[in-house]
Amino acid sequence: YVPYVVRTPADEGQYPFVFLGYGNGGGGIDWLRQWVHSRPYVTERLLGAGYACGFGRYRTEVDLGFHHGGPLTVGGRQGMELMNRSPLEFEDELAILGHVRRHPLVDEERIGHLGVSHAGEMLFKLTSHYPGAVRAGVACEPANHEFLGLRLDDVAPVNPETGLRSIEELQLQDPEWVRARIDLALARSRIAPIDVPMLVMGRDQDHLQGIFRLSYELLEEQGKDAEWVSWDHPLHGYVFPIAAEGDPDDVQVRAIDGVIDFFDRRLRAGGR
């Protein structure tokens, strides 16, 4: 079970829905309650623009689980469900989207995604493995280390106590340096199935800006419907302004304007 929220502009009609995700998973419903109340601005803006929306919470990321796991196969044994591996965090999102499609106020054909940091990488994973899961997506500061097959053995040592890579302080601002370190054939094979318009958002001074930019470049090089924008802002996840810090600044307002404009063009064009 994973918790999520649905907010709708009104109590009747049908509305496109935008899933909101941030960072690594975990925390469950307590995290969800905190985020709904501490970051209301983005949801209020989406509601005002005629979108249903809501944050969702998913399980904790498994380091390299996507890289090593392979496709999820669901079968049965003795009349019950059986899987070849545990589901991963982006498959929790898939379950949420499958459930929200049945909501009477949600237009099941117009599902979007706005994910920040690891949730931006989840968008790439989701659209690569499950075409049709969303109709349009925004990846803000997508931490696509795993998705791109980034080789980090000499710069990201493994913590001997946990067996996990230490990547928090990596300096990866140069997209060409990052390109030289990825498994390019693997990255291209993962991008090939992506069939949705995607807006990739960078952050000018972020230590992972090279990953953000390269993620866009690889989409564009394979002829995908991709857009790029980068903003100069001190907050990681600037599209989710924090209520306790006061009114959003001009950069945050304009960045969210751009997100809504993208969804207007990609989820509403030619539709209801």
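All of these numbers come straight from a predicted model, not from anything done at the bench.

What counts and how
- Residues numbered from 1 in each chain as written.
- Predicted model: local features only at pLDDT ≥ 70, side-chain atom pairs only at ≥ 80, totals over all residues.
- Heavy atoms only, no water.
- Phe/Tyr/Trp six-rings, centres within 6.5 Å; stacked < 30°, edge-to-face > 60°.
- Helix = DSSP H or I, 4+ residues; strand = E, 2+ residues; numbered from the N terminus.
- Buried < 20%, exposed > 50% of the residue type's maximum accessible area, 1.4 Å probe, protein only.
- Pairing = 2+ DSSP bridges.
- Right-handed = clockwise from strand over helix to strand, strands pointing away.
- Arc of directions from axis to C-beta.
- Core = buried A, V, L, I, M, F, W, Y, C linked by side-chain atoms within 4.5 Å.
- Contact = heavy atoms within 4.5 Å.

Colleague: Just to check I follow, could you spell out the packing of aromatic side chains for this structure?
Modeller: Between two aromatic rings, the relevant description is the distance of the centres plus the angle of the planes. Tallied over the full model, the rule gives 14 aromatic pairs. Plain terms: the ring middles of F66 and F90 are 5.6 Å apart, the flat faces sit at 75° to each other, and that makes the pair edge-to-face. With a gap of 24 residues between them, F66 in helix α3 (residues 65-69) and F90 in helix α4 (residues 89-100) connect regions that are remote in the sequence. The class of F90 is buried, set by a relative accessible area of 0%.

Colleague: What exactly am I supposed to notice about the pairing of strand β5 (residues 106-116) here?
Modeller: Where a strand is regular, its side chains alternate between the two sheet faces. When you tally the buried positions in β5, you get nine out of eleven residues, the bulk of the element. Judged from the seven bridges that link them, strand β1 (residues 15-22) and β5 form a sheet pairing that is parallel. Across the sheet, F19 pairs through a bridge with H113, a residue of β5. Where β5 meets strand β6 (residues 136-140), five bridges bridge the pair, whose relative direction is parallel. Bridge pairing in β6 places L114 opposite V138. Each parallel crossover has a hand, and for β5 linked through helix α5 (residues 118-129) to β6 it is right-handed.

Colleague: Got a minute to help me understand helix α7 (residues 184-191) in this structure?
Modeller: Along an α-helix, residues three or four apart share an orientation, since each turn contains 3.6 residues. Those residues of α7 that fall on the buried side of the exposure criterion are A187, R190 and I191. The buried side chains of α7 occupy one side of the element, clustering within an arc of 100° when seen end-on.

Colleague: Please clarify how the nonpolar core should be interpreted in this entry.
Modeller: For soluble globular proteins, nonpolar side chains are generally found buried alongside one another. Judged by nonpolar contacts, the single largest core of 44 residues is most densely connected at F17, L97, F124, L148, I182, I194 and L219. At the level of secondary structure, the elements contributing two or more residues to this core comprise β1, α4, β5, α5, α7, β7 (198-203) and α8 (209-221). Counting residues per element, this core draws most heavily on α8, at six residues. With residues near it in sequence (within four places) discarded, L219 still touches F124, I191, I194, M198, V200, K224 and A226.

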